[in-house]
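Inside the fold
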There are 2 protein chains.
Amino acid sequence: MSLNDNRDVTPWEVSESLGEGDYVRIASEFGAGLIDSDLRNRLEKLAGGTNPFLNQGVFFAHRDLNLALDDLESGKGFYLYTGRGPSGKMHLGHLLPFMFTRWLQKSFDVNLIIQITDDEKFLFRDLEWKQLSQVTRDNILDILSLGFDARRTHILIDSINGSTLYRRGVEVARHINVTLSKAVFGFQDSDNVGKFFFTSIQSVPAFLVSSLLGRNIRCLIPHAIDQDPHFKVSRDVLPKLGYLKPSSIISKFLPSLKGGGKMSSSDPNSGIFLDDTPQVVRKKIMKYAFSGGRDTAEEQRKYGANPDIDFSFNVYKLIEDDQVKVSKIREEYSSGSMLSGELKSLVAEKISQVLAELREKREIATEKYDEYLFSEDRLIESFR
Amino acid sequence: MSLNDNRDVTPWEVSESLGEGDYVRIASEFGAGLIDSDLRNRLEKLAGGTNPFLNQGVFFAHRDLNLALDDLESGKGFYLYTGRGPSGKMHLGHLLPFMFTRWLQKSFDVNLIIQITDDEKFLFRDLEWKQLSQVTRDNILDILSLGFDARRTHILIDSINGSTLYRRGVEVARHINVTLSKAVFGFQDSDNVGKFFFTSIQSVPAFLVSSLLGRNIRCLIPHAIDQDPHFKVSRDVLPKLGYLKPSSIISKFLPSLKGGGKMSSSDPNSGIFLDDTPQVVRKKIMKYAFSGGRDTAEEQRKYGANPDIDFSFNVYKLIEDDQVKVSKIREEYSSGSMLSGELKSLVAEKISQVLAELREKREIATEKYDEYLFSEDRLIESFR
C-alpha cells in the first residue's frame, strides 16, 4: 500500500485552502482515478438519467467504479455503503451528498448501508454517549428526510451494532499494524488505541453483505475525499480476507458558507441548518455567504462574477432540478447581468423551499425510523 | 500507573523457570499484595469454610480483596469475573483454577461473569473463527462441568457479545494510548491494532454490571498472575469512567506435567486432558509427570522427596477434599516413607476419579448450555 504523504486531507483534518486544482492533485496522490466523460456516460446510461452532482463535477473521482458497473450489467449487482460521523446538527452541506447516494439507490434499485460512526466521534472528538445518542437520532432523521427506500436501506449504528461489527472489525485489525496506521492517518503513540482500531470498524460495511451472504457482492462507496485513507486500507486488507476490494465514487467538499474548507457543525454561522427558518436562511445567505461577485455593482456589471467560488451558486447548482436553468444563471452571473444580491435572493428562496420539503418528509421518517435500522436478518432478506 | 518492567510474565508469555520465590517478587513488582493470614482468615470466616487453593497458597496475592469483603459485609455485595482464552483442549491445569471460582460463587452466592476471549486468540494466535467456535463451546462445557450455578453464571463470548462489549471497550480505549500499551504489554509498532485495542475489551466485564445497573457494584477477579497487566490497566482507567477499581485474587500457575512454566495446549503430553482415559492418565503420570522424588528408592527412603516441585502432589493437594489426608501424604512423601511410584499411582487414580465425575456433569452442562449464555437482561435480572 502506498502511504498517505499528503496531509491537506485526512478524515479528521481538512486544509482551509483547498481549491479546484487541489482536488485533482489529491485524488491523484491518493491513487484514485478521475471520472472521465466515458465513465460518466456509462454511469448515466445505466442509471437512465443524470444528476447534478455528476454534471457539476462534485463527485469527480473514483476507484473501480467501472467494476461496480460491470457487476451491475452482468446481473451480479452491487450495494451502496456510505456514512456519517454524528457530531452536531447537520448542515445543508453535510446532507447534500446523501442526495447523490439516494439518486444512486433509486436509479439502480440497490441496497444501501448507512454507517453512523458515533464511536469515531466518541474517540476523536471526546463527545459522550448521551450527547451522541441524541445527535445520532437527529442526524439519521435528517438523512432519512431525503426519502431513502426503507426496504433497501440499513442504518448501522456503531455503538449499538457491535455484535455485527466487532468480530468483523477484529478480522480487519489483524492485518493493520501500528506502523501502517501512523503512516496512513498520521497517528502518534500519544493517540488512544481506539483511534488505531477504528478504521477496522469503518471497513466492515464494505464486506458485511458478502460476509453475511457467504458470497461476494461488490460494494460501492460514495464518500468525500477525506475518507479515502480509510478505504485505501480496506482495499488493501479485504482481499486478504477473501473479499472484493470496495469501489468508491468520491466527492469534493461543499464549501462552507463563509468560503473555503469543509463546513463545520460547531459554528452556527458556518452553514445553513436544516431547521433554519426562511428568515434565518435569507439572513445567513445575504450577510455571510461567501460571494464570487465583485466589490461593487458597477464592477460586477463590467467584469462579471466567479460562480465557482460562490457559496450560493454552489448550493443552487445541486438543489435545482432544472439544470438548464442552472446553466442560464451561471451565464448571467458570470457575465455580470445578474448581481450578487439577486443571485443570493433567488438561492435563499430555493433553499428555504427545499428545507420546507425536507421538514415535511422528516415527519414521515420519524414515524418509520425503526424500519430503517439495521439487523442482520433484514439485510440478508433484502438480498433475496 | 507504574509500568511493567518485569517481563518474566505477560498475558502471552511466561518464563519456563518460575519458582516459588519468583511469584512473591513478581507480585510485589506488579504492586499486588500478598494474602496474609489475617486476610485469609477473614475470607474463610465469611465464606464459612476453607478451600485447598487457599490452604495450599495457590491463590496467594490480591488487590483490594479487603474492599470486596467490606462490601460483602456491608450488604453492597460484589460479583465475580474470570475468563478463558480458548486456544485448544483444556488441561486439568487450565480447569483447576475455575474450581476456586466455583467455591467463591457458592460460598458467597454471588453472580459470576466468565469472559471467553476468542477475539484474543484470533488476534494473538492467528486462530480462525471456525476453529475457535468449536474450541469455545468445548472449553465452556469443560468449565461448566464444575457445576456453576446457572442462574448466577453469565458466559460472555467476545466474538458474539460485541454489542455489549464494543461500545464499552471504546470507553476504556479512549484512556489508553499506544505509549502505555507498549510499556505494559511490550507491544511494538509491528503488532496489529487489534492487540492494542484488546485490553479494553478484557476490561469491560470489570464494570459491566455497574454500567448496566447504573450503580457501582464491586467486581472481584480471580485470575492467574499473567493477567495482572490487563487489570492494572483496568484499575487505572475505570475510576476515570466513574466506576470502582476491580479487586483481584491472584494465583500462581499450576506447573506443567513435565515441570516448570505454564501448561500448554499444544503439546499432548504437557498435561492431563479432561477426556484422557484412566489408562492414559496413569501412563502420563507414571511416565512423564515431573517428580520431586530422588533418583533411587534407596535415596528417597533416606532423604525424602520435595513435594513442592512434584506435579502429582501439586495436583493432588488441590483435588483432594480431605486436606488432613493431603498433609499426611505430604509428610510421608517428604520423609521418604512414600516412594514416587506409590504417590503417582495414588494420584493417577484420584485424577481419573475426578475426571469421571466431571464427564458425568459435562453431559448435564451440555443440555443446559444455552441457559448459561450472557444476555444483558438476564444479567440485570440476576442482580434483582
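Please refer to the structure placed before this passage.
Residues numbered from 1 in each chain as written. Chains lettered and ligands numbered in written order. Predicted model: local features only at pLDDT ≥ 70, side-chain atom pairs only at ≥ 80, totals over all residues. Heavy atoms only, no water.

With that out of the way, let us pick up the pattern of salt bridges. Evaluated as defined, the whole model comprises 48 salt bridges over all chains. Put simply, A:R362 and A:D142 hold a salt bridge, and the shortest N to O gap is 2.6 Å. Note that A:R362 is positioned in helix α17 (residues 340-372) and A:D142 in helix α7 (residues 129-144), a separation of 220 residues in sequence. Two residues, B:E376 and B:R168, come together in a salt bridge whose shortest N-O distance is 3.8 Å. A residue pair is termed long-range when its members are at least 10 positions apart, and B:E376 in helix α18 (residues 376-382) and B:R168 in helix α8 (residues 162-173) qualify at 208 residues. Where salt bridges share partners, they join A:K182, A:D189, B:K182 and B:D189 into one cluster. (Salt bridge = Lys/Arg side-chain N within 4 Å of Asp/Glu carboxyl O. Helix = DSSP H or I, 4+ residues; strand = E, 2+ residues; numbered from the N terminus.)

Another point: the relation of the copies chain A and chain B. Turning chain A through 180° and shifting it by 0.0 Å along the axis lays it on chain B, with an RMSD of 0.0 Å. With respect to symmetry, the two chain copies, as superposed, fit the operation of a two-fold axis. The residues that chain A uses at the interface reappear at the interface of chain B in 100% of cases, marking a shared surface. (Least-squares fit on C-alpha atoms with pLDDT ≥ 70 in both. Contact = heavy atoms within 4.5 Å.)

Take the sheet that holds strand β3 (residues 33-34) of chain B next. All names here are of chain B. The strand order across the open sheet built from seven strands is β3-β4-β9-β8-β5-β6-β7, with neighbouring strands paired in mixed fashion. Looking at which strands have only one partner, the edges of the open sheet turn out to be β3 and β7 (153-157). Those strands touched by helix α4 (residues 65-73) are β4 (59-63), β5 (78-84), β8 (218-224) and β9 (247-251), and its axis lies near 140° from that of β8. (Pairing = 2+ DSSP bridges. Axes fitted to C-alpha atoms, helices over the stretch in contact; angles between N-to-C directions.)

Time to look at the interface of chain A and chain B. Counting from both sides, the interface comprises 34 residues of chain A and, opposite them, 34 residues of chain B. Broken down residue by residue, the surface that chain A buries against chain B is led by A:Y166, A:R174 and A:V193, which jointly contribute 27%. Between A:D126 and B:R174 there is a salt bridge, and its shortest N-O distance comes to 3.6 Å. Summed over the shared surface of chain A and chain B, the result is 20 residue pairs in polar contact (both at pLDDT 80 or more). Elements represented by at least two residues in the side of chain A that touches chain B include exactly α6 (118-124), α8 (162-173), α9 (178-185) and α10 (193-203) of chain A. Ranked by the residues each element gives to the side of chain A that touches chain B, the list is headed by α8(A), at seven residues. Considered class by class, the residues forming the side of chain A that touches chain B number 14 nonpolar, 10 polar and 10 charged. (Buried area = accessible area lost by both parts, 1.4 Å probe. Polar contact = N/O pair within 3.5 Å; in protein donor to acceptor, adjacent residues only side chain to side chain. Nonpolar A, V, L, I, M, F, W, Y, C, P; charged D, E, K, R; others polar.)

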